[in-house]
Amino acid sequence: MRKIALLPGGFKPPHAGHYNMAKYLAKETNADVIVVKVGAKEREGVTREMSMQLWNIYKDSDPDPISDKLLIQSSTSNSPVRDVYDFVEDTAPEGSMVFLGMGEKDINDSRFKNISKFAKPRNIEFKTVLVPPQAGGVSGTEMRGYIKNNQETFFFNALPDHMSEKDKQDAWNIVTKNINENYPPYKADQVQKVRYQSSDTFTNSPKDAKKKGYLENDPKKGTGKKPKGSGRRLYTDENPKDTVKVKFSTRQDIVDTLSKASFKNKSHARKSQIINLIHQRVRAAIGRAKDPSVKKRLRSAFEYIKKRKEASKRKTQNMKKESTFSKNWWKDIINEVLLFEGGAAGHMAHPFDLPNVTSGRSLLNVFNQAANSLQNNPGAVKIDGVNSSIRLVDLDGKKQFVMDRGSKKPLDIKGITKDDLLARFGDGHGMIKVGGNVLDMFNEALPAIQGDLEKLGALNDPNILFNMEYVSGKTNVQDYGSNFIAIHGLNRIEIKDVQGARGPLQKRISSEVNYDKGALQSLLDNLAPIAKKRGFEVYGSVPTTMSKKPNFNSALSKRYTVEFSEQPETKTLGQWLNSVDNIPVGDFIFMNIGYQKDSSTINRKKVGAVSKQVYLAILNGENVDGLFENKEDRKKAIDGFVTYLATEKLGDEVLKVLDSPMGSVENHEGVVIRDEKIASVPFKITGKFILGGMASDF
């Protein structure tokens, strides 16, 4: 079931409290997307366009992966109530679950009580969610006061904590109309608004419509003009001349209107608007009709327009390469968040990152499943090297290998040649040497491996990526004492469009592909002599073997103490795990830095609840009450600590019973597990290396 959360409002302008409301809603509901609807009404010079830009700056600058779930959209009305009704009736996928985020002052608003009646016919489950007051401490009125009084510092303090000084300055420039070219004005006419004619006898009066919450006030406010001619007309603010005269009395009235050449010649978007509005009008008319014969006639008309609306919706979905709510889109977003955080092939998920791991018990269950899987299905040694992924492209009339770090930077999309390395990474960066060595090796070997590349499908497909690690002694953290490259497999990297508030957003998505294992081994054999001349060995995926089952009981029975001001608390790892009902991955908390040294130098820092910083502080015996002032933050910190502790200690038990052609897996970064019975994406078990990664220079 698709889960969607709604957060409608004016947001003139949005501040930290608003942004944190959206993130709270994402975590509380576990929704796939949070749709933020920004109202149209201007307030004291702050326009919808400004608010849209601010929301997108907050979202784009946030390193928290949960920010990717936020979808900022323009409201088509001045009424948040109508936005919710319209979304449930027309936009949300059938059979989905819709959550409405509401503050304390709105939770008992009677205008929303009838939404379930409109959700039920479309098999939508609708729930309201109380969002408690979030960090921010100011109101929209105060924010507008800061703008009017040129109080830049106060304005900056009310913005989300994650923003840089430059981001905050960009936000200030927007609300003071010194627009930064990096954030072009949002075009409000991107979403066309369909209005109704107040003289239409089959709609409620503006007053009644406002009470009902699903129709809008007089449309003349939008255009200042009323289309010429009589009769019931449908039109938009953007083009009041594009009107359609429609009767709603019978089914045949609608059939006749939609059969006219003037209707058929309109764009699909305009046809959809007309069909949706007729659907809305007829439904409203049925509700008002008292004569049974009239009601029966209107129901016949309603069934017809309902079918036309469904057909129109299917066509709209087929016209989009990637629908905002399509199954493939969700899958891409989930995989991107979990697997492709950096580099072209990217970092890989820990067990606690997996979607099905939400508690201490489910974390332990994944380790048990992984151990069973590794007995029968070899894992792959996780090499502690530098990701040096490359692909084969046509440049300047010839084929050559190029690097790709997976970003949307022009050089990555084109492909980074050896001559481009300095421009891409900057003087003194370690990737200049790594990239030069890798590209020299592969480009020299190109004639010898051309046949292998053709069998792998990489010869003529510039999107096929070699997922590869580069090791030169101690390149990253682990000291191997030798030089080698290891090709883990092949990925496909693509640019995909997903719907954003200002139009399609492009993301580069990397995903594993199947390939001919024999062809890859042949490529490695043919590459080896050239690599050897340069002092390197070459490896493919290094398989693991399990000598015996991991002794998880040994790790689970060890006792660990968490220090509190009144009394320390000591439990076994197993007991601590059982106390974790919700792993706070993605949650941020405030941590006091320096409280033990000198109370006058305490700094509050925003950190991840599941992070190395929190883990090490508690592990090293620092007082939790001193570290975290907020009770909820203390709980999340302890849960994050236990999550890291279990991941390290249970991981150690797995790695110590795994061997490989490169020796014990204890001496490597970890093991990669690919088993769709456990998770739809690969994940890694790293043991003590979960902390060793902090020492990396890359």
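Look up a bit, the structure's there.
Novice: I'd like a description of the sheet that holds strand E2 (residues 33-38), backed by residues and values.
Specialist: Read across the open sheet, the 5 strands follow the order E3-E2-E1-E4-E5; overall the sheet is parallel. Looking at strand neighbours, the two that pair on one side only are strand E3 (70-74) and strand E5 (125-130), the edges of this open sheet. Averaged over all pairs of adjacent strands, the angle between their axes in this sheet comes to 25 degrees, without regard to strand direction. Where strand E1 (residues 3-9) and strand E4 (residues 97-102) come together, 4 bridges link them in parallel fashion. Looking across to E4, one finds that leucine 6 is bridged to leucine 100.

Novice: Could you give me a rundown of the sheet that holds strand E23 (residues 670-673), with the residues and numbers involved?
Specialist: Overall, antiparallel pairing links the 3 strands, which are arranged E9-E23-E24 in an open sheet. Both outer strands of the open sheet, strand E9 (380-382) and strand E24 (683-685), are each paired with one neighbouring strand and no more. Direction aside, the axes of adjacent strands within the sheet are offset by 40 degrees on average.

Novice: Talk me through the packing of aromatic side chains; I want residue IDs and the actual numbers.
Specialist: As enumerated under the stated definition, the model contains 14 aromatic pairs in all. Seen in terms of ring centroids, phenylalanine 401 and phenylalanine 442 are 5.3 Å apart; in terms of plane orientation they differ by 65 degrees. Their pairing is edge-to-face. You can see phenylalanine 401 sitting in strand E12 (residues 398-403) and its partner phenylalanine 442 sitting in helix H18 (residues 430-456), a full 41 residues away along the chain. Note on phenylalanine 401: relative accessible area 1%, which makes it buried. With centroids separated by 5.3 Å and ring planes inclined at 85 degrees, the aromatic side chains of phenylalanine 484 and tyrosine 539 adopt a geometry described as edge-to-face. Residue phenylalanine 484 is located in strand E14 (residues 483-500), and its partner tyrosine 539 is located in strand E16 (residues 537-539); the two are separated by 55 residues in the primary sequence. Judged by its relative accessible area of 1%, phenylalanine 484 is buried. Three or more aromatic residues joined by ring pairs make a cluster, and in this case those are Phe11, Tyr19, Trp55 and Tyr58.

Novice: Tell me about the pattern of salt bridges, and name the residues and values.
Specialist: Here the structure, examined in full by the defined rule, presents 28 salt bridges. The salt bridge involving glutamate 44 is made with lysine 148; its shortest N-O contact spans 2.7 Å. Placement of the pair is glutamate 44 in the loop between E2 and helix H2 (48-60) and lysine 148 in helix H5 (residues 140-148), with a sequence separation of 104 residues. Judged by relative accessible area, which is 47%, glutamate 44 ranks as partly exposed. A relative accessible area of 56% means that lysine 148 is categorised as exposed. Lysine 399 serves as the salt-bridge partner of aspartate 394, at 3.3 Å between the closest nitrogen and oxygen. A relative accessible area of 54% means that aspartate 394 is categorised as exposed. With relative accessibility at 26%, the residue lysine 399 sits in the partly exposed group.

Novice: Any chance you could break down H18 for me, citing the residues and the numbers?
Specialist: Over its 27 residues, H18 extends only 30 Å from the first C-alpha to the last, a length that falls short of the 39 Å expected when each residue adds 1.5 Å. Most pronounced at proline 447, the bend in H18 amounts to some 80 degrees. One or two positions beyond H18, positive phi appears at glycine 457, with a value near 80 degrees.

Basis of the calculations
Residues numbered from 1 in each chain as written. Predicted model: local features only at pLDDT ≥ 70, side-chain atom pairs only at ≥ 80, totals over all residues. Heavy atoms only, no water. Pairing = 2+ DSSP bridges. Helix = DSSP H or I, 4+ residues; strand = E, 2+ residues; numbered from the N terminus. Axes fitted to C-alpha atoms, helices over the stretch in contact; angles between N-to-C directions. Phe/Tyr/Trp six-rings, centres within 6.5 Å; stacked < 30°, edge-to-face > 60°. Buried < 20%, exposed > 50% of the residue type's maximum accessible area, 1.4 Å probe, protein only. Salt bridge = Lys/Arg side-chain N within 4 Å of Asp/Glu carboxyl O. Expected span 1.5 Å × (residues − 1). Bend = angle between axes of the 7 residues up to and from the residue.

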